[in-house]
Structures are given as C-alpha cells and as structure tokens.
Amino acid sequence: MLALRSFFYLLLKFPIRIWVNCRIVADNVLETQQGNTKKPIFYIVRHQSASDLLTLQKACKKLNFPDPLETVTIDGEVFQRTLCLEKPSHILFSKGAIKGKAKEQGLALVKLHQKNDQIDAQLIPANLVWGRKPTVEKNNANVGTILADQESPSWLRKFFIVTFLGRNTLVRFSESLSLRYMADKHGTDDAIARKLLRVARFHFYRQKIAATGPRLMHRQQMFKALMKNPSIEKLIHEEVENKGQSEALVKKQALKIMDEIAGDYRESMVRVGERVLHWLWHRLYKGIEVNNANTLRELADDGHEIIYVPCHRSHMDYLLLTYIIYQQGLVTPRIAAGINLNFWPAGPIFRKAGAFFIRRSFRGNRMYSTIFREYLGLLFDRGYSVKYYSEGGRSRTGRLLEPKTGMLAMTIQSLLRGINRPLTLVPVYLGYEHVMEVSTYHKELSGSKKKNESILGVFKAIKNLRNYGKGFVNFGTPININHFLTDQVPNWKDDIDPIDPQKPSWLTPSVNVLADQVMIAINKCAALNGVSLIALILLASKNKALSRKELIAQLDFFVKIQQQAPYSEELTLPEQNGEQLLDDAINLNKVTVDHDSFGDIISLNASAALEMRYYRNNILHTFILPALVCRILDKHAKISQQELETQVQRILILLKKDLFLWQSTDQISEQISQVLLALSNLNMAKQSKAGFWSLIEDNQTLSSISLLGECVDETLQRLSIIAILINRLAPISKNDLVDKVVAIAKRLSVLNNINAAEFIDKKNQMTLINAMKDQALIDIDNDGKLIANSTLDVTKSYITNLVDISVLQSILR
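Quick look at the structure, then. (Residues numbered from 1 in each chain as written. Predicted model: local features only at pLDDT ≥ 70, side-chain atom pairs only at ≥ 80, totals over all residues. Heavy atoms only, no water.)

**Notes on the overall build of the protein**
For step 1, the next point in the chain: The helix and strand tally for the protein stands at 33 helices and 25 strands.
For step 2, the next point in the chain: Compactness check: the protein gives a C-alpha radius of gyration of 30 Å against a globular reference of 28 Å for 813 residues, within 12% of the reference.
For step 3, the next point in the chain: Taken along the three principal axes of its C-alpha coordinates, the protein extends 95 × 80 × 55 Å.
For step 4, the next point in the chain: For the protein, the proportion of its 813 residues judged to be buried stands at 54%.
For step 5, the next point in the chain: Counted over contacts in the protein with a minimum sequence separation of 6, partners at least 24 positions apart contribute 78%.
For step 6, the next point in the chain: When the accessible surface of the protein is totalled, it reaches about 37,500 Å², and 52% of it is carbon and sulfur.
For step 7, the next point in the chain: When the 104 positive and 81 negative side-chain charges of the protein are each reduced to one mean point, those points stand 7 Å apart. (Helix = DSSP H or I, 4+ residues; strand = E, 2+ residues; numbered from the N terminus. Rg over C-alpha atoms; globule rule 2.2 N^0.38 Å. Buried < 20%, exposed > 50% of the residue type's maximum accessible area, 1.4 Å probe, protein only. Contact = heavy atoms within 4.5 Å. Areas by Shrake-Rupley, 256 points an atom, 1.4 Å probe, with all protein chains shown as cover. Lys, Arg positive; Asp, Glu negative; His and termini not counted. Charge placed at Lys NZ, Arg CZ, Asp CG, Glu CD.)

**Section: the sheet that holds strand E22 (residues 685-687)**
For step 1, the next point in the chain: Sheet architecture is open: three strands sit in the order E21-E23-E22, paired in antiparallel fashion. Bordering the open sheet on either side are strand E21 (639-640) and E22, each of which pairs with just one other strand.
For step 2, the next point in the chain: Two strands pair when backbone bridges link them, and E22 and strand E23 (residues 692-695) are joined in this way by three bridges, in the antiparallel orientation. When the bridges of E23 are listed, Ala685 appears paired with Leu695. (Pairing = 2+ DSSP bridges.)

**A few points about a nonpolar patch on the surface**
For step 1, the next point in the chain: A cluster of nonpolar residues, Phe14, Ile18 and Trp19, forms a patch on the protein surface that exposes about 330 Å² of accessible area.
For step 2, the next point in the chain: Mapped onto the elements of the fold, Ile18 is located in helix H1 (residues 2-19).
For step 3, the next point in the chain: A residue is classified by how much of its surface remains accessible, and Ile18, at 52% relative accessible area, is exposed. (Patch = residues over 30% accessible without salt bridge, like charges linked within 9 Å, V, L, I, M, F, W, Y side chains within 5 Å. Salt bridge = Lys/Arg side-chain N within 4 Å of Asp/Glu carboxyl O.)

**With respect to helix H21 (residues 507-524)**
For step 1, the next point in the chain: With 18 residues, H21 should reach 26 Å at 1.5 Å per residue; the first-to-last C-alpha distance of 25 Å fits that figure.
For step 2, the next point in the chain: Considered for burial, the residues of H21 that qualify are Leu507, Ser510, Val511, Leu514, Ala515, Asp516, Val518, Met519, Ala521, Ile522 and Asn523. (Expected span 1.5 Å × (residues − 1).)

**With respect to the packing of helix H23 (residues 548-564) against helix H24 (residues 578-587)**
The axes of two packed helices give the description: the angle between them and the distance between them.
For step 1, the next point in the chain: Where H23 meets H24, the closest approach of the two axes is 8 Å, and the angle between their N-to-C directions is 115°. The way H23 lies across H24 gives a crossing that is right-handed. Every residue of H24 that contacts H23 at Arg548, Leu551, Ile552, Leu555 and Asp556 is listed here: Gly578, Glu579, Leu581, Leu582, Asp583 and Ile586.
For step 2, the next point in the chain: Residue composition of the contact of H23 with H24, by class: six nonpolar, one polar and four charged. (Axes fitted to C-alpha atoms, helices over the stretch in contact; angles between N-to-C directions. Left-handed = near helix turned anticlockwise from the far one by under 90°. Nonpolar A, V, L, I, M, F, W, Y, C, P; charged D, E, K, R; others polar.)

This is the structure:
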C-alpha cells in the first residue's frame, strides 16, 4: 500500500511542480526553526490530499524545512510527519467531512512526551488555500460549486480546484506549537487531543477567511441593503416631506449617490493587478522593505476588523500598500479613494479592485453624508477590511498633515450600531527614496493650480518611470477602538443603538484624541533611508555641501545615534554603511558630485534642495531630541544633566503636536540619557565627577555635534518668532499674531535661504501658538486677546539661547 502511494505521488509530483504556483507566508516560523533544529518537526494540515501534501512539500523545500512526506522516528516509534484532519469525501455523495487519523497520531505523540521528558516535538500548522476568491452570497453557479473550497473535497473536485486555482495558491505556515508545553500544561488524555484538533480546525477556518475575505456582496445587493437601512429610510421620508418631491425621485437620487460611492470588488481584477504590480515594482524599485506584517495576520486570525490608516505621500500609496497586504496572505481592503481618481479608465479599474469613492467635502449635503456613513458601516458589518487616509490628501511637504476626523468619526458611529467584532486601526508608515510627484508638489506650494488627474497624466507618469530606489512599508502598533473608547468613555456602550444610533456628546473630543494617536503611531514606526538621511545632513550643512568623506562620516554618526538611542523600538534603520547609502543616492541622481584635486564634493543645487526637503521632513521628528541635546551641548561649555533635561522637555512639549511626537516626560528623560551615553561611547562627550556634561575638544567631534544640532535650527527659529512677538505685541488677537509671525518667517526665509513651505505655513504657526496656550505660556485676557504668561520668559530664554544671534537680531528688527 505504501509502495503504491509512493508511486502515485511520484507520478503527481511533476505536474504539481509545473502547474502549481504557491505563495508562501511563514509568520514567525523561520526565526523559531533556527533555534529548534534538533527538535522533531511535525505538520498539521486540513486535508489528506496528494495535491495538498505535494504542494506542501514544494513549499517546505523552498524554506529548507523537513520533508512533510517523510516519517519521523522517536524512541523507536515511527510517525508520519504530517497529521491530516480530514480525508477526501466520496465522489457521488458526502455525509460531511471524513475524519483523518490526526487524533490518534496526536494522542500518541503527546503520550510519548509523558514517557520521555527530554522530547519536545514542534507542531507547525500548514494551511493551503487554493485560490483567493471569496464565496459569493446567493451564488448558484455550477462552476462556483465545483471550485468551492469544501471542508473535504473529493479527488474529482480537487482535480478541478488544482486545475483552475493552482496558479494562485497560498501556503501559510503558522508559528510552531510545542507538544512538550501541551503535555506539561494540559495533560495527555483523549480530551486534549480532541481540543487540539478542534482549535486547529477553527484556526484554519479563520486563516481562510483572512486570505479570501468574508462572503462577497455585489453592488446591487449592497444597494438593496442600504435602501432598507433605517437611517436611509428615515432620510428618504424626511426629504419627501420637506422638499415635496416624490418618493421615487428621492430614491433615484439616493441610488445615484450609492452608485457614485460603492466599490465593485472583483477578485479577478485583484489577481491581474497583483501580477501587473509585481512586474512594475521590480522595474521601479530596488526593493520593498516590509516590517511588522505579522501583526496583521495575528489580528485577522483573532477576528479583528482591520482598518488600515497609512500616511499619504503619493498616488503610489494606493497600489503599494494593497499589493503588500495581498503578498502577506491577506485579502485586500476596501479603499477610500478621492473622487478625483474616478476618471476613465482608472476609476472603473480601481472600483473593481475594491476602491470606493469619497468627495473632498460633503458638508451640508445630508443625503450624501448619511449614505456614505451607512455604506461604511455596511462594510464593517459584513467584515470587510477597510483602508483610508486620515490626512485626507497627500502631504506636499513630507510632514504628516493635521488629521481629518470625518472617517474616524463615522467608524466609531458604525461601532455604535453594535458590531460584534473588535474594530482595530493599523497605522502604516509609507516611505520612499523617490516620490514621483515631488516636483508637482513644489509647483502647487508656489501657487500653481493643482491639475486634475486624467488618462494623459497616467501616460505621462508611465513615460517617466525610472529607478525609484527602495520603498518602505512599516506597520505600527494596532489601536483597538473598543479598548480606546473604554479608556476614554467607560460607559460608551450605553449609546449603542442597532437601529438609529445618535451622535453622543463624547464623540468629537474622543475622535480628536484618537486621530492624534493615529498620527503619532505612524511617525513612531518611521523608516530611515539613505536619501532622507542625506537630505537631513546636507540641508543642515553650510552651503548644503560636504566632502564625500565628511558626508559618509556624518551618515555613520547619524545611524549610530539611532542604533544606540532609537526614537522608538518600531523605527527601522538601513543596514548599509554610510558609503553604500551615499552611492545609492548618487545612482538615484539625488545629489551633485563635483571633483577636484582634494576629492569629491557632494552638494545640492537649488532644485535638488527643494526636493530633498520633502524627504528630510519624512524623518525630521526622529532626530529632534538628539538634535536638541547636541545643540544645547554645543551652546554651553558645560551643563548638568538635570538642566539639560529641563530645557529639552520645555521645548519638546511645544513640538509634540507639530511633529506628532510620542514621548512622555519620563520617556524624554530616558532618551536623553541614552543620547548622552551614545555620545560618551563615541568619545564625543564626557561627564565630570560633579555631573556636568561637556563636549570633547576635537574638531571632528565639534563639527558632527554642530551639524546634528543644526537639524533643529528652523524649528527653533519658528518658536523664537512666536515667543518674541507675543512678548512685544501683547495684547494681540490670534489672527494678527499668526499674520505677523508668517510675515517675519517669510523675511527670515529670504535672509537665511530657507525655501520651505512648512516654515511659513499659517497652520503650522497656529499649531505652535496653540501648544504655548496649552502649556499656559500664553494666556487670554478679558477681551479675548493673547498675552504672555510670566512663565514664558524662562522658556523663551531657553529657545533664544539656542538660536544664532544674527537670526535674533533679524526678528527684533
């Protein structure tokens, strides 16, 4: 019998190898296996199917895992390496799943651990998903029935599944389970074996839903569901009464809005798009680095409703993040896209890939806002993952924009309908070494009118495709909205109403807090890369130029600071050294290289300096604290750590909202200690026996410290302008103060050659003024005008002492 099976597998192996194309997702198994090489390895799969086992063998070979078709001998007993939950059903009839021998094998293995306490076998769940097409509601098509991924398909049905879906197969390895732990913790009786198999079945079911998505509703089914929604029915009734229009006309208007908004998800479009994007990314990018993707799979496996909230740098964001999610073995989300992208042919393509469209503004349009809110709620209720951009639009400066709270508010309102699953936000940092729209952004910031997206623009972009360097996708720490609301509003569940939830008084303040937390979480998982680091260094250097040797030394120094005193644990750093980072930037034509008898000079011309500010702003927040520490050390012959901490904390607290910083007071103190220790380890700073810190008297050291400190200079100038003006001009209205601050900032930008939109932006100045108000540095008098608080003088002295005297004189004049 075994010989016959081996011969059958041998015959089937070649067509499986040729035809089946499997994508492998291996959670934390690769790291776990490196430390478990001497432990017996077993697999558990859903189906006892030759095609499944041979495909699993193919995947294991790629990962250098043990062969699943081999046997394992432990203490003289021989075991099959792969445990199968179910056998194939009969061709003509089926009375449900036919159980395999996994229970008996599992029980024998667990009991073996009871006999020998030296054994620690590892059980790896391996799930094979043939095709990523979701089941469709009320789908009676014969083809759909044949290809349905049943619990235990017959060999004939499996033949059709492999034939039609084999090119799009997912093999997912979950983290291994220690049978030693199971035996010691839960015992070795029959009940534990049954429980283990029951958990495995549910685990595989959850993974299949995570990969294919929940049942698919077509657009017309969605429209019918929305028309029966109590809030929309109420809206239609009120529109008929208030405007005197016929019910048929109002319903027609409502359907037109639904048709404008709703997506038309087709898995076939996603599959074609994935192949096109796979080709495109390999042509455009040197590589896409993805970090912390395991978080997504854990959330999906635990039944969370995932809402992706990335930063918005480029139109590439829509494509890149969706592609990465699909590559990680998860169903692609429904994407909130601006109505400006709904042009032919991009609009229909995006819609079939899962996009739904949103107007830039729908204030005052009650019908549109109600229908959009209920459509979003329907997506959540059906279990579809969703992606939207909390900034509302693409950042033109590279900094995170102030968040728009509309989508978050509607998300929480959907939760108030009583959704059973937890809603969880996943912040995503998207970074690039080249953003194709940067030159367009500068034109728009200079006053040029934004051009509408069109098919001609698409062709132009395709024509200009070139080497874009690397892309970076970092998934941050998830924010469970249910837990967030429980912390913010302990009795929020009292406002749940499945029929017609009202807008509670706590909604707006809670949404504002949540929006800030999302932006902070995005910045917390930033990715440093060579282009952004070079931009930060050259823009801080005099004349925006350094010798090649100096620039490489600064790159190594900046990276070492983040290695020894990281902005956060989620920050990712480049693996290359300074020289390699510089060579990559030169290949991307980001810098100018001039040669003379002393060597190469790396510089930025005027247009490159404008472009590089964008990339600098992507990561500026990560260096604000070490830059402040270096600036203070550079300006003081010696200073106590306590005084240094006081000054840094006084300044950083004013920048938290402006740069979306995450550190608390205690964390700031801890990071200051880390920075000082790093400088000490690098022989750049020393602490006296009396506890005072000072810099090592060395030209290279002083140059490096000065340059890092210069990174915070523009920010200090903005704070100085506000602090000086409020002292001199108070009482003054907020609008007048902002106007005068912007006027002086514009003058300083000319005098000091600071060509940066964020330096003279009204909203950015308003953010700093509000921060000073929140910290009681600025008060409001009886006439509603701003006046300086007595505590402002101390903070002002800290700030102005760090600004060059020439700049202060320009402000005072």
